[in-house]
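# Close look at the chain arrangement
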Amino acid sequence: MSINQYIYNELLQFILETISSEEYLNGIHIHRAKPINNWKNFKKKVEKQSVKPGIYPRSYGRGSVHYYAVRHNMVLTIANGYSSSGGINKKYTAPLNAQPNHSHGLCQTFALMYYVGEEKRIKQGKYFDNVNIGLLFLLDFIKSDYKNREKCWSSNSLLKNIKKLYKTISDRQRVKMYNLLENQYGDICLSHLIVFVVSRQVNLREWFDYDKQ
């Protein structure tokens, strides 16, 4: 099955945005904070050990965020997908080096991996490998509590909910692709979409090469 790269990019973005959303994570009892604008104040809270474990998006303005995870070991620690600590005291940080600095990629996924204690899957500095590792982690994450973590859409509801990133792609083109997925799977679920994007390694590499620039 061939697929337009732009439609592929939208499907991948939809997976990542769904799983990192407040609605999804709070709905499965993982604290998902609103985007943090005052990072200096947040750093102080981390160092004072007064932050609730969960997923925290750091705002960079204009809707751009980078995700961090806070979890409780012997102390509260914080991690993100970059090789940098975000300016937080290194005593409390665990930079994962899962993705290039300043990339977007799967930062929410790497944060979630750290939150649930699965960061050992990550290959530090092997960035494209980690894209596949992160997506397969999301598949395992869903399957481990399928009833609560799986989400599904019809072709029409997917069209209504997906963020349309490219004006050059018509809804007719999108629906044609979604109908093929619907014919294959019935309802189009998160796990189906993850399997689909992982199976298209050429498209995944093109998405990755563009994202890391």
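Worth saying up front: this structure is predicted, and the values here are computed from it rather than measured.

### A few points about the pairing of strand 1 (residues 54-59)
Put simply, side chains in a regular strand alternate between the two faces of the sheet. The buried count for strand 1 comes to 5 of 6 residues, which makes it a mostly enclosed element. As defined by bridge partners, strand 1 adjoins strand 2 (residues 65-72) across 6 bridges and the pair is classed as antiparallel. Among the inter-strand pairings, S59 is bridged to a residue of strand 2, identified as V65. The antiparallel hairpin formed by strand 1 and strand 2 contains 5 residues in its connecting segment, where G61 sits at a positive phi of about 85°.

### What to know about the packing of helix 1 (residues 5-19) against helix 9 (residues 190-199)
At their nearest, the axes of helix 1 and helix 9 sit 10 Å apart, and the two run at 135° to each other. One finds that helix 1 runs oblique with respect to helix 9. As helix 1 packs across helix 9, the resulting crossing turns out to be left-handed. Residues Y8, L11, L12, F14, I15, T18 and I19 of helix 1 form the contact with helix 9, whose own contacting residues are L190, L193, I194, F196 and V197.

### A word on the nonpolar core
Core analysis: the biggest nonpolar cluster contains 55 residues, and L11, L112, L135, L138 and W207 have the highest contact counts within it. Of the residues forming this core, the biggest block, 9 residues, is contributed by helix 5 (residues 127-143). Counting residues in each nonpolar core, the second largest holds 13 residues, with W39, V51, Y56 and I78 among its members.

### Some details on the packing of aromatic side chains
Given two aromatic rings, their pairing is described by the distance between the two centres and the angle made by the two planes. The tally for this structure, following the rule as stated, stands at 7 aromatic pairs. Aromatic side chains Y6 and Y166 sit 4.1 Å apart centroid to centroid with 10° between the ring planes, which places their arrangement in the stacked category. Of the two residues, Y6 is situated in helix 1 and Y166 in the loop between helix 7 (155-161) and helix 8 (171-185); the sequence distance between them amounts to 160 residues. Cluster of aromatic residues (ring-pair linked, three or more members): W39, F42, Y56 and Y68. One cation-aromatic arrangement involves R71 over Y114; the distance from NZ or CZ to the ring centre is 3.8 Å. Above the face of the F141 ring, R149 is positioned so that its terminal group lies 3.9 Å from the ring centre.

Definitions and cut-offs
- Residues numbered from 1 in each chain as written.
- Predicted model: local features only at pLDDT ≥ 70, side-chain atom pairs only at ≥ 80, totals over all residues.
- Heavy atoms only, no water.
- Buried < 20%, exposed > 50% of the residue type's maximum accessible area, 1.4 Å probe, protein only.
- Helix = DSSP H or I, 4+ residues; strand = E, 2+ residues; numbered from the N terminus.
- Pairing = 2+ DSSP bridges.
- Axes fitted to C-alpha atoms, helices over the stretch in contact; angles between N-to-C directions.
- Parallel < 35°, antiparallel > 145°, perpendicular 65-115°, else oblique.
- Left-handed = near helix turned anticlockwise from the far one by under 90°.
- Contact = heavy atoms within 4.5 Å.
- Core = buried A, V, L, I, M, F, W, Y, C linked by side-chain atoms within 4.5 Å.
- Phe/Tyr/Trp six-rings, centres within 6.5 Å; stacked < 30°, edge-to-face > 60°.
- Lys NZ or Arg CZ within 6 Å of the ring centre and 35° of its normal.

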